[in-house]
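These are the residues of each chain, in order.
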Amino acid sequence: MKKAKQGAVPVPKKNLWKQIAKHWEFYVLLLPGIILTIIFKYVPMYGVQIAFRDYNPVGGFFGSPWVGLKWFERFFNNYNSMRMIKNTVVLSLYSILWTFPIPIILALLINQVKWKKFQRVSQTILYAPHFISTMILCGMLRIFLSPYGGLISTIIQAFGGKATNLIDSATAFRTIYISSSVWQDAGWGTIIYIATLSSVDASLHEAARVDGATPLQRIFYIDIPELIPVIVIQLIMSFGNLMNVGFEKAYLLQTSLNKATSEIIATYVYEQGLLKAMYSFSTAVGLFNTVVNIVLLVVVNTVCKRLSDVSFI
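Sequence positions are assigned chain by chain, starting from 1 and proceeding in written order. Selection of residues for local features in this predicted model requires a pLDDT of at least 70, selection of side-chain atom pairs for listing and counting requires 80 or more, and totals for whole chains, interfaces and linings are taken over all residues. Excluded from the side-chain calculations are hydrogens and water; all other atoms, namely the structure's heavy atoms, are used.

(A) Layout of the overall build of the protein chain. When helices and strands are tallied, the protein chain shows 16 helices and 0 strands. We compute the radius of gyration from the C-alpha atoms alone; for a globule the expected value is 2.2 Å times N to the 0.38, where N is the number of residues. In terms of overall dimensions, the protein chain is more spread out than a globule: its C-alpha atoms have a radius of gyration of 26 Å, far above the 20 Å expected for 313 residues. Overall, the C-alpha framework of the protein chain stretches about 70 × 65 × 35 Å when taken along its three principal axes. Taking all 313 residues of the protein chain together, the buried fraction comes to 34%. Taking the contacts inside the protein chain whose residues are at least 6 apart along the sequence as the reference set, 65% of them involve residues at least 24 apart. Labels follow the DSSP assignment, with helices taken as runs of H or I lasting at least four residues and strands as runs of E lasting at least two, numbered in each case from the N terminus. Working definition: with a 1.4 Å probe on protein chains only, accessible area under 20% of the residue-type maximum means buried, over 50% means exposed, and in between means partly exposed. Note on definitions: a residue-residue contact is assigned when non-hydrogen atoms from the two residues lie within 4.5 Å.

(B) Main features of unusual backbone geometry. One non-glycine residue, Ala277, adopts positive backbone phi at about 55°. Examined against the element boundaries, Ala277 turns out to sit in the loop between helix H15 (265-275) and helix H16 (279-308).

(C) Local environment of helix H7 (residues 116-127). One less than the number of residues in a helix, times 1.5 Å, gives the span that helix is expected to have. The terminal C-alpha atoms of H7, which comprises 12 residues, lie 16 Å apart, in line with the 16 Å expected from a rise of 1.5 Å per residue. Among the residues making up H7, those that are buried are Gln119, Ser122, Gln123 and Tyr127. Down the axis, H7 shows its buried residues gathered within 130° of arc, on one side only. Exposed residues pointing more than 90 degrees away from the buried face of H7 are listed as Lys117, Thr124 and Ile125. On its buried side, H7 packs onto helix H6 (101-112) and helix H10 (173-198). The arc in question is the one traced by the directions running from the helix axis out to the C-beta atoms.

(D) Structural detail: the nonpolar core. Grouped together as the largest cluster of nonpolar side chains are 18 residues, with contacts concentrated most on Phe100, Ile104, Leu108, Tyr193, Leu197, Leu227 and Ile231. Listed by contribution, the elements that provide at least two residues to this core are H6, H10 and helix H12 (215-240). For this core, the leading source of residues is H12, giving 5 residues. What is meant by a nonpolar core is a set of buried Ala, Val, Leu, Ile, Met, Phe, Trp, Tyr and Cys residues, joined one to another through side-chain atoms within 4.5 Å. Counting residues in hydrophobic clusters, the runner-up holds 17 residues, among them Leu91, Leu137, Val182 and Ala250.

(E) Structural context of the side chain of Ser153. Positionally, Ser153 belongs in helix H9 (residues 151-158). Not counting the four nearest positions on each side in its chain, Ser153 is found in contact with Phe144, Leu145, Ser146, Pro147, Ala163 and Thr164.

(F) Structural detail: the pattern of salt bridges. A side-chain nitrogen of Lys or Arg and a carboxyl oxygen of Asp or Glu constitute a salt bridge if their distance falls within 4 Å. Counted according to the given criterion, the structure contains 3 salt bridges. Put simply, Lys276 and Glu271 hold a salt bridge, and the shortest N to O gap is 3.7 Å. Using a relative accessible area of 47% as the deciding quantity, one classes Lys276 as partly exposed. Taken together, the salt bridges that share partners define one network made up of Lys259, Glu271 and Lys276.

(G) Summary view of the packing of aromatic side chains. Between 30 and 60 degrees the pair is tilted, below 30 it is stacked and above 60 it is edge-to-face, where a pair is any two Phe, Tyr or Trp rings, Trp via its six-membered ring, whose centres lie within 6.5 Å. Scanning the model with the defined rule gives 19 aromatic pairs in all. Judged by centre distance (4.9 Å) and plane angle (70°), the ring pair of Tyr251 and Tyr270 falls under edge-to-face. Taken together, the residues Tyr251 in helix H13 (residues 247-253) and Tyr270 in helix H15 connect sequence positions 19 residues apart. Since its relative accessible area comes to 31%, Tyr251 is described here as partly exposed. Three or more aromatic residues joined by ring pairs make a cluster, and in this case those are Trp71, Phe75, Phe76, Tyr268, Phe281 and Phe288. Above the face of the Trp71 ring, Lys70 is positioned so that its terminal group lies 4.6 Å from the ring centre. Seen from the ring of Phe281, Arg74 lies directly overhead, with NZ or CZ sitting 5.1 Å from the centre. Charges are assigned to positions over rings by a cutoff of 6 Å between ring centre and Lys NZ or Arg CZ, combined with an angular limit of 35 degrees from the ring normal.

(H) Main features of the layout of surface pockets. Cavity: a set of points on a 1 Å grid over the protein atoms alone where a 1.4 Å probe fits but cannot get out. Pocket: an open set with protein on both sides within 12 Å along at least five of seven lines, its lining residues, like those of a cavity, having an atom within 4 Å of a point. Grid points are joined across faces, edges and corners, and a volume is the space filled by probe spheres set on the points. Here the largest pocket defines a volume of roughly 870 Å³. Residue lining of the largest pocket: 26 residues in total, with Ser95, Thr99, Ser181, Asp185 and Ser238 positioned closest to the centre. Elements represented by at least two residues in the lining of the largest pocket include exactly helix H5 (81-99), H10, H12 and H13. No other element matches H10, which puts 8 residues into the lining of the largest pocket.

(I) Seen up close, a nonpolar patch on the surface. Without a salt bridge and with relative accessible area above 30%, a residue can belong to a patch; like charges are then joined within 9 Å and nonpolar side chains (Val, Leu, Ile, Met, Phe, Trp, Tyr) within 5 Å. For the area figures, the Shrake-Rupley method with a 1.4 Å probe applies, and any residue is considered shielded solely by the protein chains shown. A surface patch of nonpolar side chains, about 960 Å² in accessible area, is lined by Phe26, Tyr27, Leu29, Leu30, Ile34, Ile38, Tyr42, Val43 and Met45. With respect to the helices and strands, Leu29 occurs in helix H2 (residues 24-42).

(J) Geometry of helix H8 (residues 134-144). Turning to H8, its buried residues number three or more, namely Leu137, Cys138 and Leu141. Along the axis of H8, the buried residues cluster in a sector spanning 95°; they form a single face. Exposed positions of H8 whose direction lies more than 90 degrees from the buried face are Met135, Ile136 and Ile143.

(K) Geometry of a positive patch on the surface. Only four residue types enter the tally: Lys and Arg on the positive side, Asp and Glu on the negative side; His and the chain ends are excluded. Every charge is mapped to an atom, namely NZ of Lys, CZ of Arg, CG of Asp or CD of Glu. There is a patch of like positive charges on the surface, built from Lys114, Lys116, Lys117, Arg120 and Arg209. A total of 3 residues in the positive patch trace back to one element, the largest contributor, which is H7. Its location among the elements puts Arg209 in helix H11 (residues 202-210).

Structural data, given as structure tokens:
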């Protein structure tokens with residue numbers, strides 16, 4: 001194959017419309033997804049202006065007076081705002097700290113299992129909790145953690161301890177939330193990593209065995225390097241959703257006694273927007289939450305690109 005001469009003029013790209021005409025079937029397949037994205041993702045952005053108005057459903061968007069940053073100021077002047085932001089960030093960081101590495105470890109362990117039947121059974125068992133709805137999960141937690149006949153209280157009493165009401169404990173809320181998330185989603189999170197590991201060339205492992213490499217060495221020098229691009233992308237996505245802690249579980253486990261740690265921005269927006277009909281205020285708080293997520297996504301994406309040369313852009 002001849003090498004291109006230095007200083008040669010690059011061949012201009014084909015006309016865009018000619019490419020579309022040539023591969024029109026693919027663009028037709030893309031069209032429904034593009035239309036749905038525009039309708040349900042971009043068109044609703046028009047309603048963001050509610051955050052800068054004193055919105056009245058009767059007057060509509062243009063009939064409601066413009067108030068600027070009034071609702072943002074009200075939120076940050078609220079004595080609970082810093083507590084809610086702290087609860088959201090801490091709960092998210094703890095969730096990433098525990099729920100992010102465990103699926104990777106499980107995937108690496110499952111990949112080392114040679115008995116395929118046991119591998120399939122173990123994967124099924126690990127996937128199963130993911131299909132339990134959040135409401136049922138929270139109901140199970142309330143039953144297990146009940147001080148009156150709950151499983152945990154019964155075990156504590158069997159060892160001579162005193163039953164405590166863990167579900168209403170502000171100090172125990174984060175542990176309950178994160179541990180239940182690990183149990184429910186760790187197995188499901190292994191899917192993408194197992195799929196990546198299945199594409200690793202088997203000859204690499206065979207050559208490593210011939211050279212006397214132990215299973216642990218093969219994991220560190222063959223499997224993990226293959227997983228790094230996927231891990232980085234997943235990490236970027238996790239930090240991009242840092243402020244979007246699961247609303248359903250936090251709300252369903254929230255009580256008046258554990259509110260000091262369970263009240264996050266998502267539950268506050270629900271309470272102010274739907275229960276108290278403060279549409280403008282709740283939209284302003286939600287918009288602040290979204291802006292923080294976007295900034296974090298851009299920052300983490302930039303850092304990952306410079307450190308590992310893997311990013312979305």
